[in-house]
Amino acid sequence: MTKKPSYHLVLAIAIIALVIACNSEPKLQNTQIEQQRSLERENGLQIWWDKGYIAEEDEILQQIVDNWQQKSGEKAKLSFYVADEIAQKTQRAIKAGNPPDVLFSSRAEYPLLALQGELADVSDVIEPVEQSYTDTARKSAYLYNNVEKKYSYYSVPLHQATIHIFYWRDLLERVEKKPDDIPLEWNEFWDFWRDVHTSIYQKQPEIYGLGMPFSIEASDTYYLFEQILEAYNVQILDDSGNLAIDNPKVREGIINCLQWYADFYLQDYVPSDAINWLDPDNNRNFLNHNVVMTPNPTLSIATALRSDKKTYLNKLGTMEFPHKPDGDRLKHLVSVRQAAILNTAKNRELAKDFLSYLIQPEVINNYLKSAGGRYLPAIIPAIQDSFWTNPQDLHISTATKTLTKGQTRLFYSVQNPIYSSVLEENVWGLALNRIIVDGVSPEQAADEAIARIETIFSEWK
């Protein structure tokens, strides 16, 4: 007869089998995770980027990506999209759970994305070099995450820009004026350009004095209007970041600014199609000599003319905004362009490695210089390069002086991320169009804008 195994032997075998199973399950899970990570790395780092204003921007970035691939031994795919396309495509990708690893989008409102918990914490990219950043750049990236209930670095500053006035010296000469004639006082400054318009329009009616954007679609519209609000001391948010538009003085200021801005269109100082301009259109009209001056939030106009030395050095003029109406120095609004890593990105560690490589002073400086100086560095060692301070280049050196020695502030969206939605909806562009197209009063347009802003903020309570 076969002897039955003892109870204790059976129990021992069962325990050994259980131990083996428990030990092998994590190993199996770890193997699956590693296989998934390997597959993701095999597909490569996915980088989505705004298409450059000039071809050199895209070319130098691709070269940087290639250099990183060679240095790291990793793969990367760089894809370029126009500004509106990348913003919409990113939102769809987030909802589908398949976002890019690295995102650079000038139209993306990173403070709002951080608030919603959509961005990965990039402190380990920023903190090793944070003292190399300007104060403005650091503030722009230190954001609040309402999901994790904390402030941290949620984006990586790459470069910065602010609004300047661009004008044609040769068109001024046609009406017997020169750059030294341009006043630095607010009212006199704008009256000067009205006079230029009247004088040149009589001789060449196809040329307008001013190229100011008025469309709902153009971010340039709200960029410029926000600068006008700053000039007139209209404070939409208080110092704590709370909405202040229930203050009667703020309402009055908004009304006055809307009227002031709309009058340039209503009094025919700007081209009639300015209500339909997209962001490149004021550049296009200026470069075609259809307008004498235009405000622009980057140095893209100067960049487009850089290869034509005669025009760049002798015909194009660049200057800061005039003093505020009360005589004080104007604070120029600064836009810090940033890259980010989506929280659901599959290759977050690789993305951090790439961004750490990109923001090395010599790398980012070479990128911005090769791109024609459209944007200025946010890294202090880079902006100290003589390329940015050369007094022979009045366009770049003027912008550098404004950003490093002038009075500046960030947009309200950094102070309170909810304000990002005000900009995204272009509430100011809508208000201006209500006056210009629909014929409503500035008071009604202001009240509608205030009501919409209050609704946007209330939706976040």
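Fair warning: this is a prediction, and the values are worked out from it, not measured in the lab.

(A) Spotlight on the side chain of Arg337. Tracing the backbone shows Arg337 in strand β11 (residues 332–340). This buried residue, Arg337, is left without a salt bridge; Asp50 holds the nearest opposite charge, at 6.5 Å. Once residues lying within four places of it in the same chain are set aside, the contact partners of Arg337 are Phe104, Ser106, Val156, Pro157, Leu158, His159, Tyr223, Thr298 and Tyr375.

(B) Here's a closer look at the nonpolar core. Ranked by internal contacts, the top residues of the largest apolar core, which has 149 residues, are Trp193 and Ile254. Among the elements that line this core, the one with the most residues is helix α10 (residues 248–266), at 10 residues. Setting aside residues up to four positions removed in sequence, Ile254 forms contacts with Leu229, Val234, Ile236, Ile245, Trp428, Ala446 and Ile450.

(C) Looking closely at the pattern of salt bridges. Within the structure shown, the criterion is met by 19 salt bridges. Across the pair Arg107 and Asp279 runs a salt bridge, and its minimum N-O distance is 3.5 Å. Residue Arg107 is found in the loop between β3 (102–104) and α4 (110–115), and its partner Asp279 is found in helix α11 (residues 279–287); the two are separated by 172 residues along the sequence. The residue Glu349 makes a salt bridge to Lys352 at a minimum N-O spacing of 3.7 Å. In this pair, Glu349 and Lys352 both sit in helix α14 (residues 348–358), 3 residues apart, roughly one turn of the helix. The exposure class of Glu349 is exposed, given its relative accessible area of 57%. Linked through salt bridges whose partners overlap, the residues forming this network are Asp121, Glu148 and Lys150.

(D) Main features of the sheet that holds strand β10 (residues 316–319). Strands sit in the order β8-β9-β7-β10 across an open sheet of 4 strands; the sheet is mixed. Each edge of the open sheet carries a strand with a single partner, namely β8 (208–210) and β10. Taken over all neighbouring pairs, the strand axes of this sheet differ in orientation by 20° on average, direction set aside. Where strand β7 (residues 164–168) meets strand β9 (residues 291–296), 4 bridges bridge the pair, whose relative direction is antiparallel. In the sheet register, Ile165 faces β9, and the bridge partner there is Pro295. Of the strands in this sheet, β7 and β10 touch helix α18 (residues 394–405), which is tilted by about 5° from β10.

(E) The arrangement of helix α2 (residues 55–72) in detail. With 18 residues, α2 ought to run about 26 Å at 1.5 Å a step, and its terminal C-alpha atoms sit 26 Å apart, in line with that. Where α2 is buried, its residues contact β1 (45–50), β2 (76–81), α14 and α15 (361–370). In the segment just after α2, Gly73 is the residue with positive phi, at about 75°.

(F) Region of interest: the confidence of the model for the chain. Per-residue pLDDT for the chain averages 92, and the proportion of residues at 70 or more is 91%. Low pLDDT (under 50) marks residues 35–40, which in the prediction has 2 contacts with non-local residues, meaning those over four places away or in another chain.

(G) Fine view of the pairing of β11. With 9 of 9 residues buried, β11 is to be regarded as a mostly interior element. Every second residue of β11 is oriented toward a common face, with His332, Val334, Val336, Gln338 and Ala340 on one face and Leu333, Ser335, Arg337 and Ala339 on the other, all of them buried. Pairing of β3 with β11 involves 2 bridges; the strand directions are antiparallel. Residue Leu103 lies in a different strand from β11, and its bridge partner there is Ala340. Where β11 lies against strand β13 (residues 408–410), 3 bridges are found, and the strand directions are parallel.

(H) Structural detail: the packing of aromatic side chains. Applying the stated rule across the entire model yields 28 aromatic pairs. Ring geometry for Trp168 versus Phe286: centroids 4.7 Å apart, planes at 5°, classification stacked. With Trp168 in strand β7 and Phe286 in helix α11, this residue pair connects regions lying 118 residues apart in the sequence. This pair shows no difference in class: Trp168 is buried, exactly as Phe286 is. Each ring, one from Phe192 and one from Trp193, has its centre 5.0 Å from the other, and the planes form 90°; the classification is edge-to-face. Of the residues examined, Phe192 reaches a relative accessible area of 6% and is grouped as buried. Above the face of the Tyr269 ring, Arg194 is positioned so that its terminal group lies 5.9 Å from the ring centre. Above the plane of the ring of Tyr412 lies Arg409, whose end atom (NZ or CZ) is 4.4 Å from the centre.

(I) Expanded view of unusual backbone geometry. The backbone phi angle of Glu176 is positive, close to 60°, even though this residue is not glycine. Tracing the backbone through its elements, the reader meets Glu176 in the loop between α7 (169–174) and α8 (186–203). Accessibility expressed as a relative area gives 77% for Glu176, which makes it exposed. Although it is not a glycine, Asp268 adopts a positive phi angle of roughly 65°.

Calculation rules
- Residues numbered from 1 in each chain as written.
- Predicted model: local features only at pLDDT ≥ 70, side-chain atom pairs only at ≥ 80, totals over all residues.
- Heavy atoms only, no water.
- Helix = DSSP H or I, 4+ residues; strand = E, 2+ residues; numbered from the N terminus.
- Buried < 20%, exposed > 50% of the residue type's maximum accessible area, 1.4 Å probe, protein only.
- Lys, Arg positive; Asp, Glu negative; His and termini not counted.
- Salt bridge = Lys/Arg side-chain N within 4 Å of Asp/Glu carboxyl O.
- Contact = heavy atoms within 4.5 Å.
- Core = buried A, V, L, I, M, F, W, Y, C linked by side-chain atoms within 4.5 Å.
- Pairing = 2+ DSSP bridges.
- Axes fitted to C-alpha atoms, helices over the stretch in contact; angles between N-to-C directions.
- Expected span 1.5 Å × (residues − 1).
- pLDDT = per-residue confidence, 0-100.
- Phe/Tyr/Trp six-rings, centres within 6.5 Å; stacked < 30°, edge-to-face > 60°.
- Lys NZ or Arg CZ within 6 Å of the ring centre and 35° of its normal.

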